[in-house]
Amino acid sequence: MSSFSYRNGITSKGVGVKLDNYSSKSSSSSKSKVQSTGSSIRRSSTGSVGGGGGSTKDDSTVSGRVRVAVRLRPRNAEEMVADADFADCVELQPEVKRLKIRKNNWDSDTYEFDELLTEFASQKRVYEVVAKPVVESVLDGYNGTIMAYGQTGTGKTYTLGRLGEEDTAGRGIMVRALEDILAEISPETDAVSVSYFQLYMETIQDLLDPANDNISIMEDPRNGDVSLPGVNLVDIRDQKSFVELLRIGEAHRFAANTKLNTESSRSHAILMVHVKRSVKGKHSSLSSESTGKTLKAPIVRKSKLVIVDLAGSERVEKSGSEGHTFEEAKSINLSLSALGKCINALAENSAHVPVRDSKLTRLLRDSFGGTARTSLIITIGPSPRHRGETASTIMFGQRAMKVENMLKIKEEFDYKSLSRKLDVQLDKLIAEHERQQKSFQDEVERIALEAQKGVAEAERNYADALEKEKLKYQKDYAESIKKLEEQWAAKQEKHGHRKVKVGQADDGIDQKSNSELSTSGEVAEIKKTLQNETLLRKAAEAEVNNLRNQLTQWKKAEAARNDEISNLHKLVENEAHQKATLEEEIAILRSQLLQISFEADQTRRNLDTGRNGELSGSLDSLIPQVKHQQPKDSGDGEKASMAKLFEQVGLHKILSLLEAEDADIRIHAVKVVANLAAEESNQEKIVEAGGLTSLLTLLRSSNDETIHRVAAGAIANLAMNEINQELIMSQGGISLLSLTAANAEDPQTLRMVAGAIANLCGNDKLQVKLRAEGGIRALLGMVRCRHPDVLAQVARGIANFAKCESRAISTQGTKAGKSLLIEDGTLPWIVQNANNEASPIRRHIELALCHLAQAEANAKDMINGGALWELVRISRDCSREDIRTLAYRTLKSSPSFQAELKRLRIDYG
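Residues numbered from 1 in each chain as written. Predicted model: local features only at pLDDT ≥ 70, side-chain atom pairs only at ≥ 80, totals over all residues. Heavy atoms only, no water.

Going by an unreviewed UniProt entry, the protein carries the name Kinesin-like protein and comes from Abeliophyllum distichum. The UniProt entry for the protein carries the following text under Subunit (unreviewed entry): "Interacts (via C-terminus) with NEK5." Database annotation for the protein, UniProt heading Subcellular location (unreviewed entry): "Cytoplasm, Cytoskeleton". (UniProt positions renumbered as here; feature names shortened; annotations may be inferred.)

Dropping the structure here:
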């Protein structure tokens, strides 16, 4: 009876232990052989597909055959005993690359392969022969695939996935491939991200997030590319973090104990490594009609390395599989059979290749007959008891060698990088213009102030000088008049005295004539003095007139300065006009940037159809939440134990433990309540018993991060019910959740809080109150965490809120006002994340944009905020048809959007 288990040791009927079937003696005995052949390894690996990895032109297509190597496992302990008297069923001749499989003691069949690896071949040589050429091609821009195929227990997982933590020489292909890739890329310009998932019974499960166990496959209708939008994509910066991710993924793989292998893989594990590299010295030139300048968009190469660890084929009568393990074996064999049929069809150039018969063949459609450089390593064992399985594996490899792939380099224009550079240049120009304008205004103000001070001081000085001169001449004039009056009086007095003497004397007529002559001379002297004084007065008046003329000249100079100040004001007005002109040019540049992005999209479509180029969509780095959850069987057991605890202890007793003084007891109690709240049947009982009030009280009173996280998760589960949503709001739940989000740093706590608020955002009746109590601002504040799971919940909340507003518009019509989301400032974040590489975030943001665009009142803000282009992109490139149709219908029905598209000369029919 076989035992079913995960690789982390959890089993349904015991504990499975993984044993590596490679004996320790092989490593020591192969050292000399590897050293002697080291120089020829690289030469031997340059086959039609595995060769060299030389770069080609951007749109070149190279034909390459699938390259196949055979690795022989040494005998294990059981085979050494059971087959001691029998020779190996295969014989390897590495020198001539031939393999013989014995039919009997005298007859054998011979086959040729690209490489033969004996049981003594080291892990390093296996990597350099099989995988390194493919890794080099991936670094050059090609897609690549490395796959291991063989019977169960022949060493596929050992070859590909061994971590080599105890002995670095035992590292497998996955670890060594990432070492080479990280050593070659530049951290500043290049990026590496990985996803790790398994195909278990035709169901795809993310090994880094086991709860994500129903991932769908998406196919691009234009070029047939296969993608998994639901799988987590993790940025890799160093080897240590990658090894840790491999360890986590390996722990979640399904395994079982069978007769052929103590820990047989029950799923196909696939590691996808996405490499993005900038091509140095290579740009795409785009001319701008308005500015006349040429913009250079950098070129990036995007390639993908797929490493596939297939589950081993097995015969049920030999493996002893039964029950669930039997069903697993059936599923494994069916998927491997489907893969064999596809390879047969490709090898025979059949018109129909049945790739849709299995999810495995859909995932590997690019590896066989597609555009990837593919290396296949088939693993076999030496035991004659399994000669039939060994022969089947060898024939599979022979058919695979006939498959031809058409290799293509995948390049695209990095318009995001160009957009960032243009934004930086635009910000610098705006800042420089503002700085120069401020400096000019300061200089004008300084000159005007100095001119005003100079004019005022000149007026004051000339007024003082004029007043002093006036007073001086008035004083001199008064003194001159006084002197004349005194002299005149003295002359008059003297003249009168002489008259008396003449009248009394009786000298005669001669004496009288002399006296008259003397008086006439004095009068003449007085007249001469008076004339001199008149001349002095005229000179004073001339001096006054001169001063007046100088004052007039100063006034004219003041008028000239006023004219200069007026001219400076005109210069200021001209600068303001130039500023307005620059702002218009900036707006034109932004419009041109939008148009360039649109033209880039058109260019990509033209390249897809006209040049057979395959330009992949941009893959930004996303750091997912890695959860260590238990498998489903264990989860069922936990639910059963919770139900038993619920019946035996009672809900009221459990809720009373939430108020215990011991912190550990409170933590365990809130975890129990959270697990019970996850079941819809328990939610009503929890609310009726006061559990919701107790959880809100814990949020308010406790400072423990664990209690906050678990309580918020329980509230999020309860908030899925409309009645519970109203109770949460009435008890101040949104304020408590907002406060918890503001104080929390742990991403898991923020994810739970965001999930609870997102559920409340979906209630039409609570929108106004939720916004008034800070619910939207709390969601926007949590984006500081940048964790993808938190951002996904924030995006879901915004989408729910926008959807409720859209439903309200259907009843209010054109009376609907501007969205509360836009008023609270969420539009910039929505636009920034509209093309996020994480599909949950992108899907919710796309829905939010479509719903916001339903209201014509939002159109102006959405156009100014750059949301119009995102709506155009969604209507054309969104993977979901319903969202794509909604975006298209919204753009066609909005007059504002149609007018803006027409202004930008974008034909949107």
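What follows continues from the structure just given.
A. Summary view of the overall build of the protein. For the protein, the count of helices and strands is 32 helices and 20 strands. By the burial criterion, 47% of the 909 residues in the protein qualify as buried. Sequence-distant contacts in the protein: of pairs separated by 6 or more residues, those separated by 24 or more amount to 73%. A total accessible area of about 45800 Å² is found for the protein, and carbon and sulfur atoms account for 51% of it. (Helix = DSSP H or I, 4+ residues; strand = E, 2+ residues; numbered from the N terminus. Buried < 20%, exposed > 50% of the residue type's maximum accessible area, 1.4 Å probe, protein only. Contact = heavy atoms within 4.5 Å. Areas by Shrake-Rupley, 256 points an atom, 1.4 Å probe, with all protein chains shown as cover.)

B. Representation of helix 4 (residues 123-139) within the structure. Of all the bends found along helix 4, the most pronounced is centred on A131 and spans about 55 degrees, while P133, a proline, follows it within four residues. Here helix 4 lies mainly inside the structure; 15 of its 17 residues are buried. Phi turns positive, to about 110 degrees, at G141, one or two residues after helix 4. (Bend = angle between axes of the 7 residues up to and from the residue.)

C. Fine view of the packing of aromatic side chains. Going through the model one piece at a time under the given rule, you end up with three aromatic pairs. Each ring, one from Y149 and one from F396, has its centre 3.8 Å from the other, and the planes form 10 degrees; the classification is stacked. Residue Y149 is found in strand 8 (residues 143-150), and its partner F396 is found in helix 11 (residues 387-400); the two are separated by 247 residues along the sequence. The exposure class of F396 is buried, given its relative accessible area of 3%. (Phe/Tyr/Trp six-rings, centres within 6.5 Å; stacked < 30°, edge-to-face > 60°.)

D. Fine view of the packing of helix 18 (residues 691-701) against helix 21 (residues 733-743). Contact geometry of helix 18 with helix 21 gives a least axis separation of 10 Å together with a crossing angle of 40 degrees. When the interaxial angle is binned, helix 18 and helix 21 end up oblique. Classified by chirality, the crossing of helix 21 by helix 18 is left-handed. Here helix 18 contributes L696, L699 and R700 to the contact with helix 21, which in turn contributes G733, L736, L737 and T740. Of the residues that constitute the contact of helix 18 with helix 21, the class distribution is four nonpolar, two polar and one charged. (Axes fitted to C-alpha atoms, helices over the stretch in contact; angles between N-to-C directions. Parallel < 35°, antiparallel > 145°, perpendicular 65-115°, else oblique. Left-handed = near helix turned anticlockwise from the far one by under 90°. Nonpolar A, V, L, I, M, F, W, Y, C, P; charged D, E, K, R; others polar.)

E. Seen up close, the sheet that holds strand 5 (residues 98-102). Strand order in the open sheet made by the three strands is 4-5-6, with antiparallel pairing throughout. Each edge of the open sheet is held by one strand with a lone partner, namely strand 4 (90-93) and strand 6 (108-112). With strand direction ignored, the average angle separating the axes of adjacent strands in the sheet is 20 degrees. Where strand 5 and strand 6 come together, five bridges link them in antiparallel fashion. Within strand 6, the position partnered with R102 by the bridge is S108. Docked against the sheet, helix 11 engages strand 4, strand 5 and strand 6, running at close to 150 degrees with respect to strand 5. (Pairing = 2+ DSSP bridges.)

F. Spotlight on the packing of helix 9 (residues 324-347) against helix 11. Relative orientation of the contacting elements helix 9 and helix 11 amounts to 40 degrees, with a least axis distance of 9 Å. With respect to their mutual orientation, helix 9 and helix 11 come out oblique. For the crossing formed where helix 9 meets helix 11, the hand is left-handed. Of the residues in helix 11, those touching helix 9 at L339, G340, I343, N344 and A347 are F396, R399 and A400.

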